[in-house]
Amino acid sequence: MAINTIKSGKLEYLTAENICVPHCFTTRRGGVSDGIFDSLNIALHGGDSEENVGKNLEILSKAMGFELDKLVLTRQIHSDIVRVVTDADHIGLDHHAYPNCDALVTNTPGTALMVYTADCTPILLHDPVTGAVGAAHAGWRGTAADIAGKTVRAMVENFGCKPEDIRAAIGPNIGQCCFQTDAEVPEAMIEALGRSALIHIRHKENKYYVNLKAINAQFLRNAGVVNIEISEECTMCQHDRFWSHRYTKGKRGSQGAIIICKEATP
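Description of the structure in this document. Source: prediction; values computed, not measured. (Residues numbered from 1 in each chain as written. Predicted model: local features only at pLDDT ≥ 70, side-chain atom pairs only at ≥ 80, totals over all residues. Heavy atoms only, no water.)

Some words on the overall build of the protein chain
Regarding its fold elements, the protein chain presents six helices and 15 strands. Relative to the 2.2 N^0.38 estimate, which gives 18 Å for 266 residues, the radius of gyration of the protein chain is 17 Å and therefore close to what a compact globule would have. Dimensions of the protein chain, computed from the C-alpha atoms along their principal axes, are close to 50 × 45 × 35 Å. Across the 266 residues of the protein chain, 55% fall into the buried class. Of the contacts made within the protein chain by residues no fewer than 6 positions apart, 65% connect residues no fewer than 24 positions apart. Here the protein chain contributes 26 positively and 31 negatively charged side chains, and the mean placements of these two sets differ by 5 Å. (Helix = DSSP H or I, 4+ residues; strand = E, 2+ residues; numbered from the N terminus. Rg over C-alpha atoms; globule rule 2.2 N^0.38 Å. Buried < 20%, exposed > 50% of the residue type's maximum accessible area, 1.4 Å probe, protein only. Contact = heavy atoms within 4.5 Å. Lys, Arg positive; Asp, Glu negative; His and termini not counted. Charge placed at Lys NZ, Arg CZ, Asp CG, Glu CD.)

Printed below as a string of structure tokens:
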């Protein structure tokens, strides 16, 4: 199993072999936006036009096979809030219209869930037994607050999923190679995970380098998930391919992750 790059014309995105419903981790490539948003920007909050973002999402909807009016968004605040999504949440393409949260779960067929990232960690979840899916945005604060595990538990509690059935994929983020921090970040990880977090933290010249992908994977395993695919891509190293908030100093668009709920296979 692996995370693979898919190219269709100018469009480029990543998919995980262990997830069998339509999904993707987007890149910067294949959209219509220009300037600092060049080209597949999927978010309005950076200042791109509504028309461009709408066209970019339409490109993705055609490639992924979902209806735009069934796309549900997140209004992200670096929290551990997980929202349960139903048909009532199909309210449009402006993320400002949605309640604050950093993760979504649903078992409503046809519904597509989307989270935004630009260095933070995107996580997609699928239970092939119940058909339920989840999507989470894990900033370092959300990571330390176990948003990955809480998203799994929301699927268990609301849809009857078994953690061992759930398949997880962790997408591109800022890698340990580039995520240089002060003591605040590693201290939060150690408080959450104890000394087991230390294997994911490197200390050099009064700075720390933290492996957020590995820490989120550890939280997923702690929640009972065993089938996990992890992307090797670093958004800062590959800033021409992905948006990196740190590299651009905040002048950027957003990539993200999308997963579509389908009927469970008998």
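Some points on the nonpolar core
The biggest cluster of nonpolar side chains holds 40 residues, and the ones touching the most others in it are Leu60, Leu113, Met114, Ile258 and Ile259. For this core, the secondary-structure elements that each account for two or more residues are strand 2 (11-16), strand 3 (23-26), helix 1 (50-64), strand 4 (71-72), strand 7 (112-117), strand 9 (133-138) and strand 15 (255-260). The dominant element in this core, judged by the number of residues it contributes, is strand 7, at five residues. Beyond its immediate sequence surroundings of up to four residues, isoleucine 258 is in contact with Pro22, His23, Cys24, Leu60, Phe66, Ala112, Leu113, Met114 and Leu124. If you look at the next biggest cluster of nonpolar residues, it comprises 38 residues, including Val105, Ala148, Phe179 and Ile215. (Core = buried A, V, L, I, M, F, W, Y, C linked by side-chain atoms within 4.5 Å.)

A short note on helix 1
Taking 1.5 Å per residue as the helical rise, helix 1 with its 15 residues ought to reach 21 Å, and the 21 Å between its terminal C-alpha atoms agrees with that figure. Packed against the buried residues of helix 1 are strand 2, strand 3, strand 4, strand 7 and strand 15. (Expected span 1.5 Å × (residues − 1).)

Thoughts on the packing of helix 4 (residues 184-193) against helix 5 (residues 212-222)
Look at helix 4 against helix 5: their axes get within 12 Å of each other, and the N-to-C directions meet at 15°. In terms of orientation, helix 4 and helix 5 fall into the roughly parallel class. Considering the relative orientation of helix 4 and helix 5, their crossing is left-handed. Contacts between helix 4 and helix 5 involve Met189, Ala192 and Leu193 on the former and, on the latter, Leu212, Ile215, Gln218, Phe219 and Asn222. In terms of residue class, the contact of helix 4 with helix 5 is made up of six nonpolar, two polar and no charged. (Axes fitted to C-alpha atoms, helices over the stretch in contact; angles between N-to-C directions. Parallel < 35°, antiparallel > 145°, perpendicular 65-115°, else oblique. Left-handed = near helix turned anticlockwise from the far one by under 90°. Nonpolar A, V, L, I, M, F, W, Y, C, P; charged D, E, K, R; others polar.)

Some details on the environment of threonine 74
Mapped onto the elements of the fold, threonine 74 is located in the loop between strand 4 and strand 5 (82-84). As for threonine 74 and leucine 93, which are separated by 19 residues in sequence, their C-alpha atoms are 10 Å apart. Other than its neighbours up to four places away in sequence, threonine 74 contacts His95, Cys101, Asp102, Ala103, Leu104, Met114, Val115 and Tyr116. For threonine 74, the side chain forms a polar contact with the side chain of glutamine 76, separated by 2.8 Å. One polar contact links the side chain of threonine 74 to the main-chain carbonyl oxygen of methionine 114, over a distance of 3.4 Å. (Polar contact = N/O pair within 3.5 Å; in protein donor to acceptor, adjacent residues only side chain to side chain.)

Digging into the pattern of salt bridges
Summed over all chains, the structure comprises ten salt bridges. We note a salt bridge from aspartate 240 to arginine 29, for which the minimum N-O separation is 3.8 Å. Here aspartate 240 is found in the loop between strand 14 (227-230) and helix 6 (245-248), whereas its partner arginine 29 is found in the loop between strand 3 and helix 1, with 211 residues between them in sequence. In this structure, arginine 241 engages glutamate 233 in a salt bridge whose closest nitrogen and oxygen atoms are separated by 3.6 Å. The exposure class assigned to arginine 241 is buried, which follows from its relative accessible area of 10%. Overall, glutamate 233 belongs to the buried group, its relative accessible area being 15%. Residues participating in the shared-partner salt-bridge network are Glu12, Arg29, Glu233, Asp240 and Arg241. (Salt bridge = Lys/Arg side-chain N within 4 Å of Asp/Glu carboxyl O.)

Coordinates in, geometry out; function isn't part of it.
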